[in-house]
Amino acid sequence: MKNVYLAQMSLEVPGSKYYYFPYSVGVVWCYAINDPAVKQNFALKEILFVKEPIEDIIDRMEDPEVLGLSTYIWNTNYNEQLAKAVKAKWPKCKVIVGGANVPNNDNEYFKENPYVDYLIHQEGEIAFKTLMRSFLGLEPDTEVPGISINRNGERVQTGPSVRVNDLSQIPSPYTSGLFDDMLNKYVKNGNIILNAIIETNRGCPFKCTFCDWGGVTFSKVHRFDISRIEQEIKWCAENGVEYVNNTDANFGIFKDRDMAIVDMLIETNKKYGFPKVFDAPWNKNNNQVTVTMAKKLLDAGMMRRFTASLQSMNPDVLTAIKRTNLNGEQLDNIVLDARRMGVSVSTEMIVGLPEETYESWKTGVAELLRGGLIIESFPLVMLQNSEMADPDYRKQYGIRTKRIKSWFSNIVDEWQDMVVATNTMDEKDYKRTWLWTWFTVLVQANGLTHLVAKYLEKRHDVKIQDFYEAVLDKFLNDSSAVAYEHLKKWSGYADRLEYTYFIAGFLYTDVLLDLSQHRRDNFFADIQKVCEELVDDPMLPQVIDLQQKIQKQTVASQHRVNYSANLYEYIMDDSTTLIKGETTYSIIDTGIEDRFEGDWNSFMTFARKNGSWRNNITQIEHERVI
Ligand code: B12
Ligand code: SF4
């Protein structure tokens, strides 16, 4: 038997025990051994998925004949080092590289990576099986579809890759027992926690220019058998898998079928207690049906929030990236439906897209904030096979990138090409965009300024984005402001393009704790100063007071407050006018839930997502002034 080693190094978050099952190499292997010749001649010795010191892996390898590597942006350099070390010790070992980060058109690749023998482009099953057969002399490697062959440094590309049209031909690596050893060796003793990856279909009808999904985009969607999905979910439940990550490009696109999958997940969770969480990239053109699916999962405690991937609110950007979003009215309807169902909606936005400007970005974010949406921003990473990486496209939009070390580097450094400037956004604006968005979302979404911002816009026509621009300006320049030191520190992160600080929520909980707890009164005094510089309004102190009282504190309390108008209703309801006259409100603060044991920080991490930091405010008396 010839020894085979497969490696799909999981994305690792520093300090975390969470890894992913090596699903991609799992499916190619399961498909390949359907072929009797492959099954009889090759033995799978190990599937590697944890980045260990490379010499440790080399030490325990036994005469590898084939090494198959699954390459993504988070493990490409590690894979190269592993391949190099294997080839140095076993020069005859065939090194095969597949996965999303395989370059599709790089003629220099084999000169730079002489230790790689084959690149597999796009879907890997048919190519891998046929290549394994070629190693047995059953067919020439030039007949293997969709691969690049290293012929002394020259790249020889074979015919187009072939998709698996009938996905029932691919056995499940979960239910076929491929991962059983992994469960026994790592998972059952609690050393690491493995997340499952589940495909319900393959392919995507869209063609977003930033996307690099190995040629599967803009293609026909093929579906896996529903019974296979059911068995995989059951396998996860029986093996205590907590987290299931769905790989579909648009979960919810098949309304009835995907609803049945949701029901299946919930039933299984009720019966076994697992899986606990189901995370899916929701259908881009969300509709009421997807919200209903999300609602079911939320009610079952299996989803943290419902995410709409918008990327940008600017129509010019959407045209440039070939993406159609929901229009404003459709989005409003989704939000209304979601609200009615008690589902909080989160939106994903990408910073640095072509045609975006600092102003258009802020206007878009303000629109989402007005709708009460949670905003998550991500950097635009240039992926090598995406349309965006095409030199003509880059030139058209003036895209500039910088190579940044990935936060997910472990053992071997990994790098990402981050877009830091375009024709419409220079690097200075790009950095300011991160800082503005981070601070705005931090104070708005955690209940420190949202009422003030809304009041200023409704009463004085100060746009939300302009209010936050003034806040940022003031706090960055006034060293007596409590947020000054924090903003200086975060400006440094922006300058050094350390964007992880802006997206990893747990890194800024200290800032939130300081502003809303330790130096709360000073922070609100600072906000009042900014407002006073913007407008002249005697009601401002009351607005600030109301803002301060809406956020839950550690210990339960009750207040009665008197304002000189129906401030709360005026701010909360767009159609309510300001009616002057002494107005009494009852504010009930239930304190933070017992399960957080008085830890305000952990409570807020949870509450930020569903808005449960809000106190209950009701008007109990109003004396109308005629
Ligand atoms: C699950 C997932 C993750 C997981 C991690 C998974 C893991 N294993 O560790 C999480 C959620 C953490 C994640 C994070 C990110 N991800 Co992600 N993620 C995915 C997702 C949704 C599924 C991958 C998958 O399993 N697919 C199903 C399998 C069957 O498909 P496949 O992997 O392509 O495998 C097939 C072929 O490629 C080939 N093949 C693969 N390996 C091998 C090996 C051999 C030997 C052979 C022969 C063939 C072969 O055969 C397979 C079967 O046909 C994909 C999108 C997608 N649906 O594929 C994105 C994707 C992989 N992610 C991507 C990106 C960019 C990210 C982020 C950088 C996003 C961001 N901007 O923050 C982050 C990473 C953070 C960082 N900074 O490093 C890109 C990768 C692009 C690239 N060039 O590497 C993808 C393709 C999304 C996209 N549309 O562009 N991701
Ligand atoms: S980003 Fe998503 S919707 Fe767009 S092409 Fe890629 S997989 Fe399809």
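Residues numbered from 1 in each chain as written. Chains lettered and ligands numbered in written order. Predicted model: local features only at pLDDT ≥ 70, side-chain atom pairs only at ≥ 80, totals over all residues.

*Asks:* Help me understand the site of ligand 2 in this model?
*Replies:* What surrounds ligand 2 is the set Cys204, Phe206, Lys207, Cys208, Cys211, Trp213, Thr217, Ala249 and Lys284. Per-class residue counts for the shell around ligand 2 are 6 nonpolar, 1 polar and 2 charged. (Near = placed C-beta within 6 Å. Nonpolar A, V, L, I, M, F, W, Y, C, P; charged D, E, K, R; others polar.)

*Asks:* Sorry if this is basic, but what is going on with helix α15 (residues 427-445) here?
*Replies:* Think of an α-helix as turning once every 3.6 residues; residues three or four places apart then point the same way. The first and last C-alpha atoms of α15 sit 26 Å apart over 19 residues, in line with the 27 Å expected at 1.5 Å per residue. A large share of α15 lies buried, amounting to 15 of its 19 residues. Count one or two residues on from α15 and you reach glycine 447, which has phi positive near 75°. (Helix = DSSP H or I, 4+ residues; strand = E, 2+ residues; numbered from the N terminus. Expected span 1.5 Å × (residues − 1). Buried ≥ 20, exposed ≤ 12 C-beta atoms within 10 Å, placed from the backbone.)

*Asks:* Could you clarify how one ought to interpret the site of ligand 1 in this entry?
*Replies:* Surveying the vicinity of ligand 1 reveals 37 residues, the closest of which are Ser24, Gly68, Ser70, Gly98 and Gly124. Of all the secondary-structure elements, those providing two or more residues to the shell around ligand 1 are α1 (23-32), β4 (64-70), β5 (94-98) and α6 (125-135). Considering every element that reaches the shell around ligand 1, the biggest residue donor is α1, with 5 residues. Looking at the shell around ligand 1, its residues break down into 21 nonpolar, 12 polar and 4 charged. Shared between two domains, the shell around ligand 1 holds at least three residues of each, these being domain 1 (2-164) and domain 2 (172-405 + 412-425). (Domains from an automatic or database assignment.)

*Asks:* How should I be thinking about the packing of helix α9 (residues 255-272) against helix α10 (residues 288-299) in this particular structure?
*Replies:* When two helices pack together, their arrangement is given by the angle between their axes and by how far apart the axes lie. Closest axis-to-axis distance for the α9/α10 pair is 10 Å, and the angle between their directions is 5°. As judged from the angle between their axes, α9 and α10 are roughly parallel. Of the residues in α10, those touching α9 at Lys255, Asp258, Met259, Val262 and Ile266 are Val289, Met293, Lys296 and Leu297. Here the contact of α9 with α10 is composed, by residue class, of 6 nonpolar, no polar and 3 charged. (Axes fitted to C-alpha atoms, helices over the stretch in contact; angles between N-to-C directions. Parallel < 35°, antiparallel > 145°, perpendicular 65-115°, else oblique. Contact = placed C-beta atoms within 7 Å.)

*Asks:* Would you mind showing me how to read the domain arrangement of the protein chain here?
*Replies:* Interfaces are frequently sized by the accessible area removed from exposure as the parts join. Partitioning the protein chain into domains gives domain 1 (2-164), domain 2 (172-405 + 412-425) and domain 3 (540-622). At the interface, 23 residues of domain 1 touch 22 residues of domain 2. Of all elements in the fold, only β2 (18-20), α1 and α4 (76-89) reach the threshold of two or more residues within the side of domain 1 that touches domain 2. Of the residues forming the side of domain 1 that touches domain 2, the biggest block, 5 residues, is contributed by α1.

*Asks:* How should the sheet that holds strand β20 (residues 580-589) be read in this particular structure?
*Replies:* What holds strands together in a sheet is hydrogen bonding between their backbones, with the strands either parallel or antiparallel. Pairing is antiparallel in the open sheet, where 3 strands are placed in the order β19-β20-β21. At either end of the open sheet lies a strand with only one pairing partner, and these are β19 (557-565) and β21 (616-622). With direction set aside, neighbouring strand axes in the sheet form an average angle of 25°. Where β20 lies against β21, 6 bridges are found, and the strand directions are antiparallel. Bridge pairing in β21 places isoleucine 587 opposite isoleucine 617. Taken strand by strand, helix α22 (residues 540-550) contacts β19, β20 and β21, and its axis lies near 160° from that of β19. (Pairing = 2+ DSSP bridges.)

*Asks:* Teacher, can you tell me more about the sheet that holds strand β3 (residues 42-48) here?
*Replies:* If you trace the 7 strands from one edge of the open sheet to the other, you get β3-β1-β4-β5-β6-β7-β8, paired in mixed fashion. Only two strands of the sheet have a single partner each, and these edge strands are β3 and β8 (154-157). Pairwise comparison of adjacent strand axes, ignoring direction, gives a mean angle of 20° for this sheet. The pairing of strand β6 (residues 118-120) with strand β7 (residues 147-151) spans 3 bridges and is antiparallel. Its bridge partner being in β7, leucine 119 is matched across the sheet by serine 148. Along the sheet, α4 contacts β1 (2-7), β4 and β5; its crossing angle with β4, the most-contacted strand, is approximately 170°.

*Asks:* Would you take a moment to explain the pairing of strand β16 (residues 374-379) for this structure?
*Replies:* Within a regular beta strand, the side chains point alternately toward one face of the sheet and then the other, so they alternate between its two faces. Pairing of strand β15 (residues 345-351) with β16 involves 6 bridges; the strand directions are parallel. Bridge pairing links glutamate 348 to glutamate 376 in β16. Taking the sense of rotation as the criterion, the β-α-β connection linking β15, helix α13 (residues 358-370) and β16 turns out right-handed. (Right-handed = clockwise from strand over helix to strand, strands pointing away.)

*Asks:* It is not clear to me how the environment of lysine 111 should be interpreted in this structure. Could you clarify?
*Replies:* Structurally, the position occupied by lysine 111 is in helix α5 (residues 109-112). According to the C-beta neighbour criterion, lysine 111 is partly exposed, with 13 such atoms within 10 Å. As for lysine 111 and asparagine 150, which are separated by 39 residues in sequence, their C-alpha atoms are 8.7 Å apart.

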